[in-house]
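Survey of secondary and tertiary structure
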Amino acid sequence: MRTLCASTLIGEFFVIGFAGLVAMKLDDVSMAAVWTVCGVGMALSVLLCGVITRPGGVQLGWALQIALVLSGFVVPMMFILGLVFGGLWWASVHYGRKVDEAKARWAAQQEAGEATA
């Protein structure tokens with residue numbers, strides 16, 4: 001699960017940075033506010049890569065997905081990108097857990113095979 005989720009989060013890191021570049025051109029938002037919000041989002045996406053397997057890591061990832069969708073109120077294209085990354089996040093968590101379960105079953109079978117040999 002960690003690899004799939006980390007890949008999604010690193011992709012979000014770049015999307016948040018590019019959204020900051022777009023938002024920087026807006027007249028009604030200060031550049032300091034744009035880069036503070038984007039910087040926090042980018043830092044959170046990288047930090048989550050390291051804590052994704054700890055308790056609450058997946059929930060923090062969901063919070064980041066919601067924030068990404070809500071950023072569409074500032075940069076409208078982020079509604080679409082937020083939904084895309086939300087889907088990727090769901091798939092990363094869902095299929096990542098299935099892969100982890102399959103790996104655990106395979107390791108248990110290998111141990112059982114070595115114990116009988």
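- As recorded by an unreviewed UniProt entry, the protein chain carries the name DUF4233 domain-containing protein and is attributed to Streptomyces durocortorensis.

A few points about the UniProt feature "transmembrane region" (unreviewed entry) in the protein chain
- In the UniProt entry, the feature "transmembrane region" (unreviewed entry) is given for residues 7-26, 32-52 and 64-91.
- Between the C-alpha atoms that bound residues 7-26 the distance is 30 Å, and the span itself is 85% helix and 0% strand.
- For residues 64-91, the helix share is 79%, the strand share is 0%, and the end-to-end C-alpha distance is 15 Å.

Topic: the side chain of Thr 8
- Its location among the elements puts Thr 8 in helix 1 (residues 2-23).
- Judged by its relative accessible area of 8%, Thr 8 falls in the buried class.
- Sequence-distant contacts of Thr 8, that is, excluding residues within four places in its chain, are made with Phe 85, Leu 88, Trp 89 and Ser 92.

Digging into helix 4 (residues 77-116)
- The terminal C-alpha atoms of helix 4, which comprises 40 residues, lie 58 Å apart, in line with the 58 Å expected from a rise of 1.5 Å per residue.
- Within the sequence span of helix 4, burial applies to Met 78, Gly 82, Phe 85, Gly 86, Trp 89, Ser 92, Val 93 and Gly 96.
- Against helix 1 and helix 3 (57-70) lie the buried residues of helix 4.

Thresholds, definitions, all that
- Residues numbered from 1 in each chain as written.
- Predicted model: local features only at pLDDT ≥ 70, side-chain atom pairs only at ≥ 80, totals over all residues.
- Heavy atoms only, no water.
- UniProt positions renumbered as here; feature names shortened; annotations may be inferred.
- Helix = DSSP H or I, 4+ residues; strand = E, 2+ residues; numbered from the N terminus.
- Buried < 20%, exposed > 50% of the residue type's maximum accessible area, 1.4 Å probe, protein only.
- Contact = heavy atoms within 4.5 Å.
- Expected span 1.5 Å × (residues − 1).

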